[in-house]
Every structure is written in C-alpha cells, then in structure tokens.
Amino acid sequence: ALPEHCDFTVFGGTGDLALRKLLPALYHRDREGQLLPGHRIVGVSRSALDTDGYRSLVRSALETHVPAGELEPAAVERLLSRLHHLELDAHQPEGWHELHGLLKDRPGADQTVRVYYLAVAPGLFGPTCERLDELGLVDERSRVVMEKPIGHDLASARAVNDAVGRVFAEHQVFRIDHYLGKESVQNLLVTRFANAFLEPLWNSRWVDHVQITVAETVGVGGRGPYYDNAGALRDMVQNHLLQLLCLVAMEPPTYVGRETVRDEKLKVLQALKPLTPADVDRDTVRGAYEGYADEVDHPDSRTETFVALKAEVQNWRWAGVPFYLRTGKRMDQRASEIVVVFKEPPHAMFPQSEGTTAPNRLHILVQPDEGMKLHLTAKEPGPGGIRLRPVSLDLSYATAFDQRSPDAYERLLMDVVRGNPTLFMRRDEVEAAWTWVEPILARWAQRSAELEERPETYPAGSSGPTAAADLVERDGRTWQETDQ
Ligand code: BG6
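Note that the coordinates shown come from a computational prediction; the quantities given were computed from them, not determined experimentally.

K.L.:
It is not clear to me how the overall build of the protein chain should be interpreted in this structure. Could you clarify?
P.N.:
Counting its secondary structure elements, the protein chain contains 16 helices and 15 strands. Relative to the compact-globule value of 23 Å for 484 residues, the protein chain shows a C-alpha radius of gyration of 24 Å, a close match. Considered along the principal axes of its C-alpha atoms, the protein chain spans approximately 80 × 55 × 40 Å. Per-residue burial for the protein chain yields a buried fraction of 53% across its 484 residues. For the protein chain, restricting intrachain contacts to residue pairs at least 6 apart in sequence, the fraction spanning at least 24 positions comes to 78%. Total accessible area computed for the protein chain in this model is approximately 21,100 Å², and 53% of it derives from carbon and sulfur atoms. Between the averaged position of the 55 positive side-chain charges in the protein chain and that of its 72 negative side-chain charges there is a distance of 4 Å.

What follows is the structure, given as structure tokens:
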C-alpha cells in the first residue's frame, strides 16, 4: 500500500536522469492519481536554484520529455507544487542543515517514508548515506535507491555496497536495473509461467540456443567521460543483458515474492560457466564504432562500444545450450529482442526438397515495439503435393492492448514508494554478475596491455564487427535478423 507521507529526495535533481526520466515518470504516476497529498519531491543539486527556479526547470523538462497529448495543465501544476529544491554539494558541509529542516519540518514527519534517490556519481553513494545517517534522517521506513554503475568491478561494487550497507539494511536498498521495469521484460515471466505450452519445451532437450540482442542506434553522446571508463561490458552486459538472461533461464519460483524471483535469478548467475582466458579469447568479441575515439576525445581509447559473447548456464535444464549475447551502440537499428531457437523436429517426415523449412523460433520483442513472434512451418496452400513454408504468428502489444505502455521508471519508482524490492537487484546478484564478468575484463585488459590489442572497429550504422558473426557461424548458427 502507498504510505500517506513520503518525501522523495533526488540527489542529482537537476541531472539528465532526473529531468529526462525520473520527473516525467513521477508526473505520469501523479496524473494517474497515484501520488497522495502528503507526497513531496525534493531535488538536491549543486545548482544555485530556489524552489521556484527548480519548478520552472522541471516544467520545461516535462514539456520536452512528455508527449504533448499527455501533458495536462492541472496535473503539471500538481506535480510542480510537490517540488522543492536545495543547493547542496555532497562533499561540502553546507546545505545539509537545510535538508534536515525541510525533511523534519512537515506534517507527519515521524511517519514519513523517506526515499533517497542517488542519481549521482557512485563515489558519492557512501558519503551521502553517512551524512544522512548522522543527521538522523534515516529510520526503519527510509529507503535508498542506487543507479548503476554499482562499482567498476567486484571489489569496488563490494565497497559501495558495504558503504551503503553501513547505513541501510539490505531490505531498504533498491538497486535499479531499469530493464526490469520494462513491460516486455516483466511479461517474459508471465509468458513463461502463466502459460502451459512453453515450459515443457524450455530446456536443452528442445532448445538449440538462445540469442539476446540489445542494439542501439545512439552513440555515447555527452556521456563520454563515464562511458570511456566503462565500456559496453560494464554498461550493458553486467546488468541489463545478464538480467534478461536470468529471466529467460530461471526456474519458476513457487510464488512471486520479494525474494523468490531474486533467489532464482541468483541461481542462474551462479550457474554461469566461468570463462577461462582461453574461453574469453574464443567466445567474446569486442568492437568499437568508427569515430568513437574522436567522439570521446581519447585517441588511444581501448573502450568497447560493442560486445558479443557466448555464455553457458551449467545446470540440469540448460547444460550444453549456448546463450549468445550481443549489444552495441551506433548499430543499424534500435532493437532489443530475445530469440529462442528450437531444435529441428526429431524426424523429418516431409521430403526436404518440397519447399523450405526453418527451425521454430520464438522472438520476444523488448523494444522499440513490444510483442512476440513465433516462427512455424506450414503447408503452402495448393492442390499439388505438400510444400512447406515458414510462417509466423505475430502478437503486437500495441494492437492487443490499446493503452499507453508506461515507462520502466514509472513502475520502479512506485515500487520504491511502496517498498517492494522484487524488481530491484539484490546485493548478491550484482556481485555474482561482477564475478562472472571480471575474468573477461581481466583478459581484455591483459591483451590490450601485452598485445596492444584494440576492439575491432565497425562502421557506425552497421550490424557490428565481423568477428561477432564468426562467433555464431563457427557453431553452425547465425544471428537472427531482428524481427521488429
Ligand atoms: C543505460 C546505459 O543503462 O541503458 C546506456 O547506461 C543505454 O548506455 C541505456 O543507452 C539503454 O536503455 P534503453 O531503455 O534505452 O534501452
């Protein structure tokens, strides 16, 4: 249930994430009547803005990021009236006293759920939490939300988790992976576990392999300094792609609870076959689009903007089934999808010469369009013999559900207010993901240092480096063209 009093404090309140995602998401929820009179939003930043100045900044952000047809003047005013702004530099002593005053001096202060959203550099996570604690602004009802990156590797992720964990208990910590808030991603669990027909086939006996693609057309834009330090493996694979893999591969929990889904995802991460240096050399590909180094103004950059790799989940259900993952920036299209490719039928009863067949494939379309396509083989109509032809069953969410599909943050932010951590990453998950990713990072770093190796360049607007195609073709498979 929603708490009657809630102060939603965003550190980084004038930043890109806050203006582009968080405030529009809160606007939509407010417009739907989900925020209560006792809910306030406090933007904290280093900008010298008073509350009025902040309100105008947010007003123009809403005008930019909310489609015109969804901007209702009364709803905009209502959201703006909830806003406050405080100038504060987390490294400096000033401003905290005012924050304390604002949060303590309100009706229902003792029962207020305080949400602290850390949309700032990870180096500030620990110090900010400590300061809040010293000021007595953290109690059993308080929650903290962390944006990625949570660490740069396992040790730094642990350090961040330890620092935050000294102030907040694990059940108060909400680590965002916004992919888990996407409608199509949540639907993956429903598709698998609220239907009977898929699950018996969802294993190594019937599945040949799985492909997970997250392709973006955008480059790194204004995020150069962060991105050049991170790269696609840290930015996308360690979190979003591994989370998608977990949802595809996990066992059904007995019920959807705060810990049950996360327990099952953790088991998948722990079952990922660790990659040896030889495995990394054979089964991972890193690429960088042409012009990337200039864009980030770092001519010697070795950072990858594309990754393809082959993973294996070593358990009873999946042993021997490759999971091919790829993600890249400046690709030919924006398309995220999961493809489950089934094995050929056990016996070919129709002569192959009669038409063409292809193995069954289930495409789960994550974005931009949400939906599912099941590729089957059918009889081509005609009076002659039986000729086989591939056909597809198409389900488009936009057509099936004639309603607005909320942004991932809308669901996730309200889950924080409600105190439901199911769709957030638990500490052990984040750390297990780093544990798997680290040997790849280490081997790449070693090759860069010893062999002066760089990621393979690919043309901007292409489907990535050629080595990515080789990775699957070597196994007698091909990347499925995205089916959007
Ligand atoms: C973020 C990454 O987590 O996800 C970005 O840091 C990436 O680099 C973004 O562009 C992709 O999110 P979406 O929702 O646009 O697929």
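K.L.:
In this structure, what is going on with the packing of aromatic side chains? I would like to understand it.
P.N.:
We describe a pair of aromatic rings using the distance from one ring centre to the other and the angle between the two ring planes. Evaluated as defined, the whole model comprises 12 aromatic pairs. Look at Tyr227 and Tyr292: their rings are 6.2 Å apart centre to centre, the planes differ by 70°, and that puts the pair in the edge-to-face class. Here the residue Tyr227 occupies a position in helix H8 (residues 224–230), and Tyr292 occupies one in helix H12 (residues 292–295), the gap between them amounting to 65 residues. Among the residues examined, Tyr227 registers a relative accessible area of 0% and is labelled buried. When its relative accessible area of 2% is taken as the criterion, Tyr292 is described as buried. With a centroid separation of 6.1 Å and 70° between ring planes, the pair formed by Tyr324 and Trp479 is classed as edge-to-face. A residue pair is termed long-range when its members are at least 10 positions apart, and Tyr324 in strand E10 (residues 322–328) and Trp479 in the segment after helix H16 (466–473) qualify at 155 residues. Summarising the burial analysis for this pair, Tyr324 and Trp479 share the class buried. One aromatic cluster is present, formed by Tyr227, Tyr289, Tyr292, Phe306 and Tyr458 through successive ring pairs.

K.L.:
Can you walk me through the nonpolar core in this structure?
P.N.:
Taken as a class, soluble globular proteins show a tendency for nonpolar side chains to be buried jointly. Judged by nonpolar contacts, the single largest core of 139 residues is most densely connected at Leu99, Tyr117, Leu245 and Phe323. No other element matches helix H9 (residues 232–249), which puts 12 residues into this core. Setting aside anything within four residues of it in sequence, one finds Leu245 in contact with Ile212, Val268, Leu272, Ala311, Val313, Phe323 and Leu325.

The rules we used
Residues numbered from 1 in each chain as written. Predicted model: local features only at pLDDT ≥ 70, side-chain atom pairs only at ≥ 80, totals over all residues. Heavy atoms only, no water. Helix = DSSP H or I, 4+ residues; strand = E, 2+ residues; numbered from the N terminus. Rg over C-alpha atoms; globule rule 2.2 N^0.38 Å. Buried < 20%, exposed > 50% of the residue type's maximum accessible area, 1.4 Å probe, protein only. Contact = heavy atoms within 4.5 Å. Areas by Shrake-Rupley, 256 points an atom, 1.4 Å probe, with all protein chains shown as cover. Lys, Arg positive; Asp, Glu negative; His and termini not counted. Charge placed at Lys NZ, Arg CZ, Asp CG, Glu CD. Phe/Tyr/Trp six-rings, centres within 6.5 Å; stacked < 30°, edge-to-face > 60°. Core = buried A, V, L, I, M, F, W, Y, C linked by side-chain atoms within 4.5 Å.

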